[in-house]
Amino acid sequence: MPGPAMPGPAMPGRSVRVRLGDLAWRQAGDEVVVLDLAASVFHGLNASGALLWKRLTDWTTAGEMAGMLVSCYGLSAVLAAEDAARFLEECVGAGLVDIRAET
C-alpha cells in the first residue's frame, strides 16, 4: 500500500494545513507540543518548527513556509526551501496535516 503523497517536487504549490480534529497543541515557551489524540502520540517542535506549525493553522504552501524562514531567521532561500520541505514531509508522514486536492 503506497504511503501519503510527500511535499516537495512531487507536489509543488500544493496547499497543506493542520489536520482538523483529533489534534491538540500548545505553545510552551518558543516551542510547540502537539498531541495526536487518534494515535496517542506527542510531537515536540523546536522554535522554527513552532513557527511553521502556527502557519499551518491555515492553508499554506512549502514556498510560503520557506519565505517565513528566510524573513525570520535569515536563511538562504535554498536552505529554507529544504527545511520547509523536510518539516512538511515529517508532518505528512505522521498524518498531522491535510493536503488540499489539486483543482
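Use the structure listed above.
From a predicted model like this one, the values you see are computed outputs, not experimental measurements.

Participant: Explain the nonpolar core to me, using residue names and the numbers behind them.
Facilitator: W53, L56, M65 and F87 are the most contacted members of the largest nonpolar core, which has 21 residues in total. For this core, the element with the highest residue contribution is helix α3 (residues 77-93), accounting for 6 residues. For L56, the contacting residues outside a window of four places in its chain are V16, R17, V18, M65, F87, L88, C91 and V97.

Participant: Break down helix α1 (residues 47-55) for me, with residues and values.
Facilitator: Every buried residue belonging to α1 is among G49, A50, L52 and W53, and all of these are buried. One side of α1 holds all its buried residues, which, seen down the axis, span an arc of 165°. Among the structural elements, β1 (16-18), β2 (23-28), β3 (31-36), β4 (41-45), α2 (62-73) and α3 are those in contact with the buried residues of α1.

Participant: Got a sec to walk through the packing of aromatic side chains? Specific residues and values, please.
Facilitator: Tallied over the entire structure, the rule returns 1 aromatic pair. Ring geometry for W25 versus W53: centroids 6.4 Å apart, planes at 80°, classification edge-to-face. With W25 in strand β2 and W53 in helix α1, this pair connects stretches of sequence that are 28 residues apart.

Participant: Please provide a residue-by-residue account of the pairing of β2, values included.
Facilitator: Two elements, β2 and β3, share 6 bridges in a ladder whose sense is antiparallel. Counterpart to L23 in the pairing with β3 is D36. Between the end of β2 and the start of β3, which pair antiparallel, lie 2 residues, with G29 showing a positive phi angle near 70°.

Participant: Give me the lowdown on the side chain of R19, citing residues and values where you can.
Facilitator: Positionally, R19 belongs in the loop between β1 and β2. A distance of 3.1 Å separates the side chain of R19 from the backbone oxygen of D22, its partner in a polar contact. Among the polar contacts made by the side chain of R19, one reaches the side chain of D36 at a distance of 3.0 Å. Not counting chain neighbours up to four residues away, the residues in contact with R19 comprise D36, A38, G95, L96, V97 and D98.

Participant: Explain the pairing of β3 to me, and be specific about the residues and the numbers.
Facilitator: Burial along β3 is one-sided: the residues V32, V34 and D36 are buried and none of E31, V33 and L35 is. Alignment of β3 against β4, held across 5 bridges, turns out to be antiparallel. Counterpart to V34 in the pairing with β4 is H43.

Thresholds applied
Residues numbered from 1 in each chain as written. Predicted model: local features only at pLDDT ≥ 70, side-chain atom pairs only at ≥ 80, totals over all residues. Heavy atoms only, no water. Core = buried A, V, L, I, M, F, W, Y, C linked by side-chain atoms within 4.5 Å. Buried < 20%, exposed > 50% of the residue type's maximum accessible area, 1.4 Å probe, protein only. Helix = DSSP H or I, 4+ residues; strand = E, 2+ residues; numbered from the N terminus. Contact = heavy atoms within 4.5 Å. Arc of directions from axis to C-beta. Phe/Tyr/Trp six-rings, centres within 6.5 Å; stacked < 30°, edge-to-face > 60°. Pairing = 2+ DSSP bridges. Polar contact = N/O pair within 3.5 Å; in protein donor to acceptor, adjacent residues only side chain to side chain.

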